Amino acid sequence: MALSFSRKIPLIYALGVFVPSAIQKTALIADHSGEFFSKRVFGQYQLVALQHFSSGSVSQPGRICWRGSSNVVLLRKLEIALREHQVDEAWVTFIDFKKLYGFPTGSMVNMLISRLSYSSDHHWLQKACDLVFLILKEKPGLLRFPVLTKLSISLARAQMPVPASMILRVMLERENMPPLTILWSVVSHMVKTEIGACLASNFLVQMCDCFLHLSAKGSVRAKVVKPDAMIFNLVLDACVKFKSSLKGQEIVELMSKVGVIADAHSVIIFSQIHEMNGQRDEIKKLKDHVDEVGAPFIGYYCQFYDSLLKLHFKFDDIDSAAQLLLDMHKFQESVPNKKLRMDQEKRLLVPIGSNNLKTGLKIQVMPELLQKDSILRVKHKQELVMFRSGKLRLSNRALAKLVNGYRRHGRTTDLSKLLLCMQQDFHVLGQSSFCSDVIDACIRLGWLEMAHDILDDMDAAGAPIGSTLHMALLTAYYCREMLKEAKALLRKMRKAGFVVNLSDEMVATACLSEAANNASSSSSKSDLIDCLVREMRDEEKAIPSVVYELNSSIYYFCKAKMMEDALKTYKRMQHMKIQPTVQTFSYLVDGFSSLGMYRDITILWGDIKRNVGSKDLEVSRDLYEVLHLNFLRGGYFERAMEVIGYMKERNMYCDKWMYKDEFLKLHKNLYRSLKASEARTEAQSKRLEHVKAFRKWVGID
């Protein structure tokens, strides 16, 4: 049995090795930095070098533990330290025990991880994570899943998404997951940051893949790893927040494959993702069902209509935009006895991709289902359609887009008709001045002919505007010396009784005098005028509507696996010298990938690089990620390393775990024992070099 010494034994340090001056039948416990320990065997000392178990030890430099070194004494000491929550002492004691005897009992190890998980200190949480992976490497049977669950939520709360995702993935590999309510909490903390959202979305993809794999085998474990609508909603909402629209689209499709029912929250987020990707047809499929929900949902689906209206304008489809505004009026009718439904409703099937695709995906949707215990709060970014005082209201920005669109197409009469309808439908909302506001804005911006035409249309429809705007237009005519137009308007004003007992010269003098007074006084523009000016300025930088049309065609063809037609449309874009977008390339990559046409993706990668090089294209992390995964699947490791280089240059986070997992599934033993000197061809030699570079990068070797 080892002895304890009360006296100090001098140590001689040389070259990092310590030598005790005199020890009789003792075991010398290592210092807490964990470098070396010495043991007396048959009168001789053996120096045993140990690797650092964990960097950044909290022990004091040079401190040596001279307490009893027996298994029982150290275990007792560790137990007391853990019971009294003395994490520092517990860790030091554990290190000592590990060096002498290996891991202590499973209960002690799990208690240590649990105690470390209670800490809010990143240092201790990271040590807990490191300890888990050491145990997994050396003695995985010691770990208990409840401890991993506790650690994952502690890491997520501490905003340590990388180790949190690692613990979740360890659990998923063992086909076991925390209870859904706990998983909600972990994911909700992870998605607060962009890196966390990236990891959470990739983890959800892996979770879905695991579920589908187990389901195909008929395994009872499938239900344990199946995500629910809340997990999808949390991740999809983060995709919107961090503009990860391509990843969001992938997850929407996975939601369909897994068979999770989309609730009201889901539908709102779907619309935002489709808006970001320019997928108007996808939102229109949902609209048919959203239009049928009860009046109490009017405010909730405000964001949905806002997204659809934006896409109508992006497609330069003014007629559809106008019709949508009129359709929304029906939601002003209240149904007082109807309440929000929080329980099971009829499931609707909504196709993804195209209604004509027999083999296409269909997602289950329940637009009036709201989860009672939802922890998600969808933030509405209301820009065109607003919800005020229990009613839907049209913003001045939306009105500006309508006016500018009709003006650009030379359809003033149609604008007048719409304004009349809106005047009637939205009168109850306190927005009865649409016509007056538009005419006033046209006059101030110098669009006098348009203002005059709207005035005439209003008069012809029996909705006279009044004398104020007539006088403002007349004044504008005189100021611009448009005397012919002024004389015609003045005749009309006399007929309407707006001008009495004044000659034309007197009216002109009065108008010019009024204009001079207005010019000298400080008058602020109306909000509508500001919106119109901003709209015309933004219009110059906007993506042409034809790009959205062509992208929609490419998306349809790719989903239908009609790649020849998709490529024809893409070449048409090139012929028309229309700049492809990230969505253009993403749809093509997805189409090729679905058919295993990885070589075609390498050709497309050349086009992407040329567009990036000419600074015509800003590639998202989502697209780089998809390219990287497809190059791994196709065995194009040089291209995979190229993508990594592009991501590093742009400081984009790389989820190495996901890439490593994909590699090990497909190429685990590729060139594992082949040496460079044994390569038979130059091509094989280069491929070997890239494979080894990738293995090194992800940490396989």
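Nothing here was measured: the structure is a model prediction, and the numbers come from that model.

Our focus in this paragraph is the overall build of the protein chain. For the protein chain, the helix and strand inventory stands at 30 helices and nine strands. Across the 701 residues of the protein chain, 51% fall into the buried class. Contacts in the protein chain between residues at least 24 apart in sequence constitute 68% of all its contacts with a sequence separation of at least 6. Carbon and sulfur atoms make up 52% of the accessible area of the protein chain, which amounts to about 34,100 Å² in all.

Take the UniProt feature "repeat: PPR" (unreviewed entry) in the protein chain next. UniProt records the feature "repeat: PPR" (unreviewed entry) at residues 546-580, using the numbering of this structure. Between the end C-alpha atoms of residues 546-580 there is a gap of 11 Å, over a span that is 77% helix and 0% strand.

The next subject is the side chain of Glu282. Position of Glu282 among the secondary structure elements: in helix 12 (residues 280-290). Judged by its relative accessible area of 5%, Glu282 falls in the buried class. A distance of 3.0 Å separates the side chain of Glu282 from the side chain of Lys285, its partner in a polar contact. Leave out the neighbours within four places in its chain, and Glu282 touches His274, Pro351, Ile352, Gly353 and Tyr555.

Our next topic: the packing of aromatic side chains. One pass over the structure, following the stated rule, counts 21 aromatic pairs. Ring centres 6.2 Å apart and planes at 90 degrees place the aromatic pair Tyr301 and Phe304 in the edge-to-face group. An identical accessibility class is assigned to Tyr301 and Phe304; each is buried. A ring pair is formed by Phe304 and Tyr305, whose centres lie 5.5 Å apart and whose planes are at 90 degrees; its orientation type is edge-to-face.

Moving on to unusual backbone geometry. Of note, Asp316 is a non-glycine position whose phi angle comes to about 55 degrees, a positive value. A relative accessible area of 24% places Asp316 in the partly exposed class. One non-glycine residue, Lys577, lies in positive phi territory at about 55 degrees. Of note, Lys577 is situated in the loop between helix 24 (563-575) and helix 25 (582-594).

Interhelical geometry of helix 1 (residues 71-83) versus helix 3 (residues 106-118) gives an angle of 30 degrees and a closest axis separation of 10 Å. In terms of orientation, helix 1 and helix 3 fall into the roughly parallel class. Helix-helix and strand crossings are classified by hand; for helix 1 and helix 3 the assignment is left-handed. On the side of helix 1, the interface is formed by Leu75, Leu78, Glu79 and Leu82, while helix 3 contributes Met108, Met111, Leu112 and Arg115. Among the residues making up the contact of helix 1 with helix 3, the classes are represented as six nonpolar, no polar and two charged.

For the structure on display, the rule yields 35 salt bridges. For Glu383, the salt bridge is made with Lys310, and the minimal N-O distance between the two is 3.1 Å. Residue Glu383 is found in the loop between strand 7 (361-365) and strand 8 (385-388), and its partner Lys310 is found in helix 13 (residues 302-314); the two are separated by 73 residues along the sequence. Lys665 is the salt-bridge partner of Glu662, the closest N and O atoms lying 3.7 Å from each other. Here the residue Glu662 and the residue Lys665 both occupy positions in helix 29 (residues 656-667), the gap between them amounting to three residues, near one helical turn. The exposure class of Glu662 is buried, given its relative accessible area of 11%. The exposure class assigned to Lys665 is exposed, which follows from its relative accessible area of 54%. Shared partners join several salt bridges into a network, and the residues in it are Glu275, Asp306, Lys310, Glu383 and Arg397.

Looking now at helix 28 (residues 637-649). Compared with an ideal rise of 1.5 Å per residue, which puts 13 residues at 18 Å, helix 28 spans 18 Å between its outermost C-alpha atoms and is within 8% of the ideal. Along helix 28, the residues that are buried comprise Phe637, Ala640, Val643, Ile644, Tyr646 and Met647. Buried-residue contacts for helix 28 involve helix 26 (598-613), helix 27 (621-634), helix 29 and helix 30 (682-698). One or two residues past the end of helix 28 sits Asn651, with phi positive at roughly 55 degrees.

Moving on, we get to the pairing of strand 8. Where strand 8 meets strand 9 (residues 391-394), four bridges bridge the pair, whose relative direction is antiparallel. Across the sheet, the residue bridging to Phe387 is Leu392, located in strand 9. Here strand 8 folds back onto strand 9 in antiparallel fashion, the turn holding two residues, of which Ser389 has a positive phi close to 55 degrees.

Counting buried residues in strand 6 (residues 348-352) gives four out of five residues, a clear majority hidden from the surface. Summarising the sheet, strand 6 and strand 7 pair through five bridges and their orientation is antiparallel. Paired with Ile352 across the strands is Leu361, a residue of strand 7.

Another aspect to go through is helix 19 (residues 467-479). If you check helix 19, its first and last C-alpha atoms are 18 Å apart, about what 13 residues at 1.5 Å a residue would give, namely 18 Å. By the burial criterion, the buried members of helix 19 are Leu469, His470, Leu473, Leu474, Thr475, Ala476, Tyr477 and Tyr478. Taken from the residues just after helix 19, Glu481 is the one with a positive phi, measuring 55 degrees.

Interhelical geometry of helix 27 versus helix 28 gives an angle of 160 degrees and a closest axis separation of 8 Å. By the angle class used here, helix 27 and helix 28 are roughly antiparallel. For the pair helix 27 and helix 28, the sense of crossing is left-handed. Here helix 27 contributes Arg621, Tyr624, Leu627, His628, Phe631 and Leu632 to the contact with helix 28, which in turn contributes Phe637, Arg639, Ala640, Val643, Ile644, Tyr646 and Met647. Taken together, the residues that form the contact of helix 27 with helix 28 break down as 10 nonpolar, one polar and two charged.

The next point concerns the confidence of the model for the protein chain. Considering every residue of the protein chain, the mean pLDDT works out to 83; 82% of them sit at 70 or more. Note that pLDDT drops below 50 for residues 1-68; the model gives that stretch 111 contacts with residues more than four away or on any other chain. Contacts of residues 427-431 to residues separated by more than four positions or lying in other chains number 10 contacts, the stretch itself having pLDDT below 50.

Let us now look at the environment of Arg480. The topology assignment puts Arg480 in the loop between helix 19 and helix 20 (483-496). In this structure Arg480 comes out as partly exposed when scored by relative accessible area, which is 41%. Each residue touching Arg480, except ones within four places of it in the same chain, is listed here: Ile443, Gly446 and Leu448.

Bringing the nonpolar core into the picture now. With 209 residues, the main nonpolar core has Ile113, Tyr301 and Tyr659 as its most contacted residues. No other element matches the 11 residues that helix 8 (residues 194-217) contributes to this core. Excluding residues within four positions of it along the chain, Ile113 makes contact with Ala128, Leu131, Val132, Ile135, Leu143, Val147 and Leu151.

By the definition in use, this model includes zero disulfides. Cys654 provides the cysteine sulfur closest to Cys198, a residue in no disulfide bond, and the two sulfurs are 8.7 Å apart. Accessibility expressed as a relative area gives 2% for Cys198, which makes it buried.

Basis of the calculations
- Residues numbered from 1 in each chain as written.
- Predicted model: local features only at pLDDT ≥ 70, side-chain atom pairs only at ≥ 80, totals over all residues.
- Heavy atoms only, no water.
- Helix = DSSP H or I, 4+ residues; strand = E, 2+ residues; numbered from the N terminus.
- Buried < 20%, exposed > 50% of the residue type's maximum accessible area, 1.4 Å probe, protein only.
- Contact = heavy atoms within 4.5 Å.
- Areas by Shrake-Rupley, 256 points an atom, 1.4 Å probe, with all protein chains shown as cover.
- UniProt positions renumbered as here; feature names shortened; annotations may be inferred.
- Polar contact = N/O pair within 3.5 Å; in protein donor to acceptor, adjacent residues only side chain to side chain.
- Phe/Tyr/Trp six-rings, centres within 6.5 Å; stacked < 30°, edge-to-face > 60°.
- Axes fitted to C-alpha atoms, helices over the stretch in contact; angles between N-to-C directions.
- Parallel < 35°, antiparallel > 145°, perpendicular 65-115°, else oblique.
- Left-handed = near helix turned anticlockwise from the far one by under 90°.
- Nonpolar A, V, L, I, M, F, W, Y, C, P; charged D, E, K, R; others polar.
- Salt bridge = Lys/Arg side-chain N within 4 Å of Asp/Glu carboxyl O.
- Expected span 1.5 Å × (residues − 1).
- Pairing = 2+ DSSP bridges.
- pLDDT = per-residue confidence, 0-100.
- Core = buried A, V, L, I, M, F, W, Y, C linked by side-chain atoms within 4.5 Å.
- Disulfide = S-S within 2.5 Å.

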